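Summary of structural features
Chain by chain, the residues run as shown.
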Amino acid sequence: MWEFDKPYWELCDGAASSKMLRRICNFKGTATVNRESRTANGQLGLDRSFVTCAKVWEHESSAIFRRDWLCMGREAEFTSTSVTPFVYLGQQLLAVRGDDGVLRVFRNFCRHRGSLMVTPEECASVGQRLQCPYHAWTYDRQGCLVAAPNMDGVLGFEKQKFGLFEVPCAVGAGFLWICFEPQESLQAFLSPLQSVFQAWQVRELCVGAEIQYQVQANWKLLFQNYSECYHCPTVHPALNRLTPYLGSDTGPILGGPMQLAETCQTMSNEGQWVGTPLPLLDEDQRRQVHYFTIFPSMFLSVHPDYVLIHRIEPTSPHETKVVCQFLFQQVDLDRLGFDPEPAVRFWDLTNRQDWEVCERSQRGMEDPAYVPGPYSNLESIVAAFDRHYLRSLDAVESEVKPV
Ligand code: FES
Ligand SMILES: [Fe+2]
């Protein structure tokens, strides 16, 4: 059954090429997914190394989290103050709205001796220019160094070579996205979801509620869990009553619609609308919830009356931060007595049930005796996720060197 020519544990201390990582998954299929048949083709799950091994984690950081577009949250969160420091995967970043109105993202450190430029406590008092608090090197809002005291006599020093490092960013569907080494434009990356963004008017929606979680599980286990409802009857009896899992339809590779039960209007505690149904939806869309994973940083769940997003931020091989936001129409947020709680309570319970099974999987997979079992056909999208993940690792040869 197994095809690998080295034991999987050698991954962690040997030269682990991603081709080898792929082999240990026993994946023999093609890269193309048959969307109609919804079969996992007998594919096995990922090996335990993928959720435990620090070398795999390092490889993911260069192959995936540098080259894919990453959602950082609603654009509005970065424009409420004109300068916003934030951290992603240990990287210090700074969003700045320029004098020209353009939102840019920089590395949040000074080009002199690396001092953090702006802390969260300071962002409200930042002026038109960004002055380093250490030796007063000063940058404009386009990131150019405009003043560097006592540097005039320094041999070969040229101010224009010491601007803040810029990180490519773009705004799409009302979210700020960054990508350290873009392989395609954000527009191209998001193009499969354009019709969804338009129908649910995602760009115009506003955050009505937010919950944060710290989950003790590898980020991929969260993606895999979100990508199937095989677990719904056992883990989410309440959710299962609203969208019975056998009601799933075919859909895009990484997601698709589920039919709401006849007696339900949306996913909420009582199954009743929480927001006003979105006006551009057709009859079918008003009876469905669509679930999408946007690899590798986001889940998007569109309901007839609101949109739920999960931002997924890995913090270690076995820990993941999740920011869950509920987006409503402004007209709902302005309505006297509007209460997002029925949606928030419903999803908070569902989220916690999901995180618990992800954490149980993490702990079970950490056992050295664990070997992956086969996916059911109800896990065809999980199998597709794994294939996409392995292809992404393959895109960059591992630089893991023998210890
Ligand atoms: S570290 Fe910023 S001016 Fe010296
Ligand atoms: Fe679930």
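Residues numbered from 1 in each chain as written. Chains lettered and ligands numbered in written order. Predicted model: local features only at pLDDT ≥ 70, side-chain atom pairs only at ≥ 80, totals over all residues.

1. Considering the overall build of the protein
- Across its full length, the protein holds twelve helices and 16 strands.
- In the protein, buried positions account for 39% of the 403 residues.
- Looking at the protein alone, contacts between residues at least 24 apart form 65% of all its contacts between residues at least 6 apart. (Helix = DSSP H or I, 4+ residues; strand = E, 2+ residues; numbered from the N terminus. Buried ≥ 20, exposed ≤ 12 C-beta atoms within 10 Å, placed from the backbone. Contact = placed C-beta atoms within 7 Å.)

2. Overview of the sheet that holds strand β7 (residues 145-147)
- A sheet is described by the order of its strands in space; here three strands give the open sequence β5-β6-β7, paired in antiparallel fashion. At either margin of the open sheet sits one strand with a lone partner, and together these are β5 (130-131) and β7.
- Inspection of the sheet shows strand β6 (residues 138-139) paired to β7 by two bridges, in the antiparallel sense. Considered in β7, the bridge of Thr 138 is made with Ala 147. (Pairing = 2+ DSSP bridges.)

3. Examining the pairing of strand β13 (residues 288-294)
- Counting buried positions along β13 gives seven out of seven residues, so the element sits mostly inside the fold.
- The side-chain alternation of β13 yields two buried faces, one formed by Gln 288, His 290, Phe 292 and Ile 294 and the other by Val 289, Tyr 291 and Thr 293.
- The sheet contact formed by strand β12 (residues 255-259) and β13 spans five bridges and is antiparallel. In the sheet register, Gly 256 faces β13, and the bridge partner there is Tyr 291.
- Direction of pairing for β13 relative to strand β14 (residues 298-302): antiparallel, over a ladder of five bridges. In the strand pairing of β14, Tyr 291 is matched with Ser 301.
- Linking β13 to β14, which pair antiparallel, is a turn of three residues.

4. A short note on the nonpolar core
- Core analysis: the largest hydrophobic core is formed by 88 residues, its most contacted members being Leu 70, Leu 94, Trp 177, Leu 222, Tyr 306 and Val 307.
- Once residues lying within four places of it in the same chain are set aside, the contact partners of Tyr 306 are Val 274, Gly 275, Phe 326, Leu 327, Phe 328 and Ala 343. (Core = buried A, V, L, I, M, F, W, Y, C linked by C-beta atoms within 7 Å.)

5. Things to note about unusual backbone geometry
- That bond from Phe 295 to Pro 296 is cis: its omega, 0°, falls within 30 degrees of zero.
- Mapped onto the secondary structure, Pro 296 falls in the loop between β13 and β14.
- Phi is positive for Leu 89, close to 50°, though the residue is something other than glycine.
- Along the polypeptide, Leu 89 turns up in the loop between β2 (83-88) and β3 (91-97).

6. Describing the sheet that holds strand β9 (residues 169-172)
- The three strands are arranged β1-β10-β9 in an open sheet whose pairing can be described as antiparallel. Each edge of the open sheet carries a strand with a single partner, namely β1 (70-74) and β9. On average, adjacent strands in this sheet sit at an angle of 30° to one another, irrespective of strand direction.
- Note that β9 and strand β10 (residues 175-178) share four bridges and pair antiparallel. Counted as the bridge partner of Val 171 is Leu 176 from β10. (Axes fitted to C-alpha atoms, helices over the stretch in contact; angles between N-to-C directions.)

7. Observations regarding the confidence of the model for the protein
- Per-residue pLDDT for the protein averages 86, and the proportion of residues at 70 or more is 85%.
- With pLDDT under 50 throughout, residues 1-37 is counted as low confidence; its partners more than four residues away or in other chains account for 64 contacts.
- Throughout residues 246-253 the model reports pLDDT below 50, and contacts reaching past four residues in sequence, or to other chains, amount to 17 contacts. (pLDDT = per-residue confidence, 0-100.)

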